[in-house]
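Close look at the chain arrangement
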Amino acid sequence: MLEKSQWPDSLDPQEHTRRGVYVYVKRSFTLPMFKTFDAPDSSLSCERRQSTTVAPQSLALLNSEFVHRQARAFAVRLLQETGDDLSGGVERAWLLALSRSPTEEEKRKNLEYLGKLEQRWVAHEGQKETATKWLPDSLKGVSPARAEALAKLCLAIFNLNEFLYVD
Amino acid sequence: MSDYRLNDLVCTGEGPWGHSRRQFLARFGGGFGALAAVHLLNQEGFTTFGQPLSVNPTAPKSPHFPAKAKAVIHLFMHGGPSQVDTFDPKPLLSRLHGQPAPPSILKEQKTFLQFTKLSEAPLLAPRATFRKYGNSGLEISNLFENVAQSADDLAVIRSCYHDAFTHGPGVQLINSGVFRLGHPSMGAWVVYGLGSESENLPAYMVMVTDGSISAGAPGYGAGFLPAIYQGTLLRKKGTPILNARAATEFAPGEQREVLDLLNWHNQKHLADHRDNSELAARISSHELAFRMQTAVPELTDVSGESESTKKLYGLDNEATEPFGRNCLLARRMVERGVRFIQIYKDGWDAHANCDENHAKNARAVDKPIAGLLTDLKQRGMLESTLVIWGGEFGRTPVTDGQANSEIRTNDGRDHNPYGFSMWMAGGGIRGGKAIGATDDIGLRAVEDKVHVHDLHATILSLLGLDHTQLTYFFQGRNQRLTDVGGDNNLASRLIRA
């Protein structure tokens, strides 16, 4: 795997959200995220794609900058669309990510954990400095502990097998 | 009622109507069809197709025959150290210093070098001096006077050769047996063949001391093998392994809770999709990832090592600390079940002022390597750990550059893949011996020639793998690390006293 310094960000921010299929490929320099998910070696023809399910992929999905950034962006969207209504937020998150509503049991579980995570952030001293940095101005009234908790729920959603695998 | 629950009702009854499309195809299509295919492919020897990768591609596997070595530490001297200054004494060079190479050597086959026309460059005597060490009397230069204390454990192969005379292809060739990109590196083959002994760490790890690797990441890549077999670079800055720490902060205890919630959902999902082994594999890989987060910092934290151990590896000295730390980490990796470790040390590319260059580089690695050998031996680990030393090629006995060329130097050496030295120790090897020989000036391997394929065959043998049986079906044939070579397998000679 490569150092971050080997992959400087493109200067044009519009380039940042392009789909990977349009990305310029250097033959000896596979994109780290692609390589993690079994991109074939680009210097030989590939007759058969491989598919592995291994820990470095989980590390990328649980910890990488990209996934965490998207989780926060998802949390911001939910807060903007559903405001204080946590139950509505969970409902909306499930619809957006999985194209279905959560079952009552699932909703209950999510709300229970959201409460737990929020409590952890309330107890955590670092909380005041974190969420306030990434929430947009329009959401400055939201409790940082709640925003952090919601972002972590979104992170969990991106790791759901139902989200990752096509049924 | 949501679509999901409607779906649930329709798809959970008994009988053929009770199956979802996925379940139906898996049981009645993929089920029998796949079984038959696996059977056929196994018969054809295409076992990699029959093995579901998603189950656990790095589960420990039995070797083909009892192994001498369980782990490998490859000390990669990047840039290409000169054999005539280190492990291949050539007294004639000192006598003929400044003169052209002897006609008997020039008239042989044409020799392509990067910058140098062999017939127009004068011979260059090394400043380093050789003497005999240990009971065996193995000759080693004063550049490696510390390593030389373990002379009786070293098997020096003085007749290595190949034909890639620039760095990138040379590194690729030493690693994968092919100078082009795309073929799996030796470490990837070994993990493919033997699996991993470590639950929480990658089986193939790579460290880089100074500079970078000419071949880049493909040098330790998996090529056409599944990506899981590629080497993992231990990074010098930030978290040692990419993504081993979360990009944004978790409150204390929060990450575990997020994972618990995730598992709760995934287990429910799994209950409805029992036929898909990938889903269960993904759940367990999340748990492994969680454990890796603590295993990696634990590995790289050497504060628990004794002062005498740190000193043994040269951690108390600025010149030896960077490579010494990597050697110490390598020992810690072997202790934790890592199978294949490469430590690169860049800087040996001495086109000018070879004496100074090699003195500096040898100073940086000699004590740490000696420390590694001593430490492994003291801990009873050397018998089962194969240590390999060498570059991507050696260097010329003549000075670098052509006559009248601007890049000509009178004290440097050019790349030389036609004859160079590597050594091995541990892993069952009975040392104190030199195998093969170069010609009188140390240019070409002439006796008992050992190609890279032969080196690879030897290393695999010591690990209990038959290089002709370790295959992967790709592009129409069973590919091997050793391609169609590897006939000069040294293993049986190396393990004899």
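Model, not experiment: these values are computed from the prediction.

The rules behind each value
Residues numbered from 1 in each chain as written. Chains lettered and ligands numbered in written order. Predicted model: local features only at pLDDT ≥ 70, side-chain atom pairs only at ≥ 80, totals over all residues. Heavy atoms only, no water. Helix = DSSP H or I, 4+ residues; strand = E, 2+ residues; numbered from the N terminus. Contact = heavy atoms within 4.5 Å. Areas by Shrake-Rupley, 256 points an atom, 1.4 Å probe, with all protein chains shown as cover. Salt bridge = Lys/Arg side-chain N within 4 Å of Asp/Glu carboxyl O. Buried < 20%, exposed > 50% of the residue type's maximum accessible area, 1.4 Å probe, protein only. Pairing = 2+ DSSP bridges. Expected span 1.5 Å × (residues − 1). Bend = angle between axes of the 7 residues up to and from the residue. Buried area = accessible area lost by both parts, 1.4 Å probe. Axes fitted to C-alpha atoms, helices over the stretch in contact; angles between N-to-C directions. Parallel < 35°, antiparallel > 145°, perpendicular 65-115°, else oblique. Left-handed = near helix turned anticlockwise from the far one by under 90°. Core = buried A, V, L, I, M, F, W, Y, C linked by side-chain atoms within 4.5 Å. Domains from an automatic or database assignment. Phe/Tyr/Trp six-rings, centres within 6.5 Å; stacked < 30°, edge-to-face > 60°. Lys NZ or Arg CZ within 6 Å of the ring centre and 35° of its normal. Polar contact = N/O pair within 3.5 Å; in protein donor to acceptor, adjacent residues only side chain to side chain.

Before going further, it helps to examine the overall build of chain B. Scanning chain B from terminus to terminus reveals 14 helices and 17 strands. Intrachain contacts of chain B at a sequence separation of at least 6 include 77% that bridge at least 24 residues. Taken as a whole, chain B presents about 20,100 Å² of accessible surface, with 51% of it coming from carbon and sulfur.

Where charged atoms from two side chains of opposite charge approach closely, those side chains can pair. Taken as a whole, this structure holds 38 salt bridges over all chains when the rule is applied. One salt bridge in this structure joins Glu81(A) and Arg92(A), with 2.5 Å as the shortest N-O distance. Taken together, the positions of Glu81(A) in helix H3 (residues 65-82) and Arg92(A) in helix H4 (residues 86-98) put the pair 11 residues apart, joining distant regions of the chain. For Arg92(A), a relative accessible area of 28% puts it in the partly exposed group. A salt bridge links Arg413(B) to Asp85(B); its shortest N-O distance comes to 3.0 Å.

With that settled, the discussion passes to the pairing of strand S7 (residues 340-345) of chain B. All names here are of chain B. Judged by how many residues are buried, S7 sits mostly within the fold: 6 of 6 residues are covered. Of the two faces of S7, the one holding Phe-340, Gln-342 and Tyr-344 and the one holding Ile-341, Ile-343 and Lys-345 are both buried throughout. Sheet topology places strand S5 (residues 204-209) next to S7; 6 bridges connect them, and they run parallel. Looking at S7, one finds that Thr-209 is bridged to Lys-345.

On to helix H12 (residues 354-378) of chain B. All names here are of chain B. An ideal rise of 1.5 Å per residue puts 36 Å on 25 residues; H12 measures up with 35 Å between its terminal C-alpha atoms. A bend of about 35° at Ala-362 is the largest found in H12. Positioned one or two residues after H12, Gly-380 has a phi angle of 70°, which is positive.

Between chain A and chain B, the residue contacts involve 62 residues of the former and 67 residues of the latter. Each partner contributes to the roughly 6,000 Å² buried at the junction of chain A and chain B, and carbon and sulfur atoms together form 59% of this total. Put simply, chain A and chain B have 3 salt bridges between them. Across the pair Arg120(A) and Glu257(B) runs a salt bridge whose closest N-O atoms are separated by 3.0 Å.

As a further point, take the packing of H4(A) against helix H5 (residues 104-123) of chain A. Residues and elements named next belong to chain A. The contact between H4 and H5 brings their axes to 10 Å, and the two run at 120°. As the angle between them shows, H4 and H5 are arranged oblique. Relative to H5, H4 is oriented so that their crossing is right-handed. Side by side, H4 and H5 meet where Leu-86, Ser-87, Val-90, Glu-91 and Trp-94 of the first sit next to Glu-106, Lys-107, Asn-110, Leu-111 and Leu-114 of the second.

A general tendency of soluble globular proteins is for nonpolar side chains to be buried together. Residues and elements named next belong to chain B. Core analysis: the biggest nonpolar cluster contains 55 residues, and Trp-189, Leu-225, Tyr-229, Leu-386 and Met-424 have the highest contact counts within it. Not counting residues within four places of it along the chain, the set of residues in contact with Tyr-229 comprises Pro-57, Thr-58, Lys-61, Ala-188, Val-191, Tyr-192, Tyr-204 and Ala-222. Ranked by size, the runner-up nonpolar core spans 53 residues in total, among them Leu-154, Leu-201, Ile-369 and Trp-423.

Before going further, it helps to spend a moment on the environment of Pro169(B). All names here are of chain B. Position of Pro-169 relative to the elements: it lies in helix H6 (residues 167-176). Among the residues examined, Pro-169 registers a relative accessible area of 27% and is labelled partly exposed. For the pair Pro-169 and His-265, spaced 96 residues apart in the sequence, the C-alpha separation amounts to 48 Å. In contact with Pro-169, not counting residues within four places along its chain, are Ala-164 and Phe-179.

To continue, consider the domain arrangement of chain A. When cut into domains, chain A gives domain 1 (13-52) and domain 2 (58-164). The straight-line distance from the C-alpha centre of domain 1 of chain A to that of domain 2 of chain A is 29 Å.

A few words on the pairing of strand S17 (residues 477-480) of chain B. Alignment of strand S16 (residues 471-474) of chain B against S17(B), held across 4 bridges, turns out to be antiparallel. Residue pairing in the sheet places Phe474(B) in a bridge with Arg477(B) of S17(B).

Residues and elements named next belong to chain B. Positive phi outside glycine occurs at Asn-353, with the angle close to 45°. By the secondary structure assignment, Asn-353 is in the loop between S7 and H12. Residue classification places Asn-353 among the partly exposed positions, given a relative accessible area of 33%. One non-glycine residue with positive phi stands out, namely Asp-448, at about 50°.

For the structure shown, the criterion picks out 16 aromatic pairs over all chains. Between the aromatic rings of Phe158(A) and Phe163(A), the centroid separation amounts to 5.4 Å while the plane-to-plane angle is 40°, which identifies the pairing as tilted. A relative accessible area of 16% means that Phe158(A) is categorised as buried. Taken together, the ring pairs connect Trp189(B), Tyr192(B), Phe224(B), Tyr229(B), Tyr472(B) and Phe474(B) into an aromatic cluster. Stacked on the ring of Tyr133(B), the Lys or Arg Arg131(B) has its end atom at 4.3 Å from the ring centre. Sitting over the ring of Tyr161(B), Lys449(B) keeps its end group 4.5 Å from the ring centre.

Another point: the environment of Leu79(A). All names here are of chain A. Relative to the assigned elements, Leu-79 resides in helix H3. Its relative accessible area of 6% is what places Leu-79 among the buried residues. Along the sequence, Leu-79 and Gly-89 sit 10 residues apart, while their C-alpha atoms lie 7.2 Å from each other. Sequence-distant contacts of Leu-79, defined by excluding residues within four places in its chain, comprise Leu-135, Leu-139, Val-142, Ala-147 and Leu-150.

All right, on to the side chain of Thr58(B) then. Residue and element names in this part refer to chain B. Among the structural elements, Thr-58 can be located in the loop between helix H3 (47-50) and strand S1 (71-77). Classification of Thr-58 as buried rests on a relative accessible area of 18%. Discounting chain neighbours no more than four positions away, the residues touching Thr-58 are Val-191, Gly-195, Ser-196, Ile-228 and Tyr-229.

Okay, helix H9 (residues 277-300) of chain B next. Counted at 1.5 Å a residue, the expected span for H9(B) with its 24 residues is 34 Å, and the 34 Å between its end C-alpha atoms agrees. Helix geometry: H9(B) is bent most strongly at Met292(B), by close to 30°. Restricting attention to buried positions, one finds in H9(B) the residues Leu279(B), Ala281(B), Arg282(B), Ile283(B), Ser285(B), His286(B), Ala289(B), Met292(B), Gln293(B), Ala295(B), Val296(B) and Leu299(B). Among the structural elements, helix H2 (55-63) and helix H8 (161-164) of chain A together with S5, helix H8 (254-271) and helix H11 (321-335) of chain B are those in contact with the buried residues of H9(B). Among the residues of H9(B), the N-terminal cap falls to Asn276(B), whose side-chain oxygen and the backbone nitrogen of Glu278(B) are separated by 3.0 Å.

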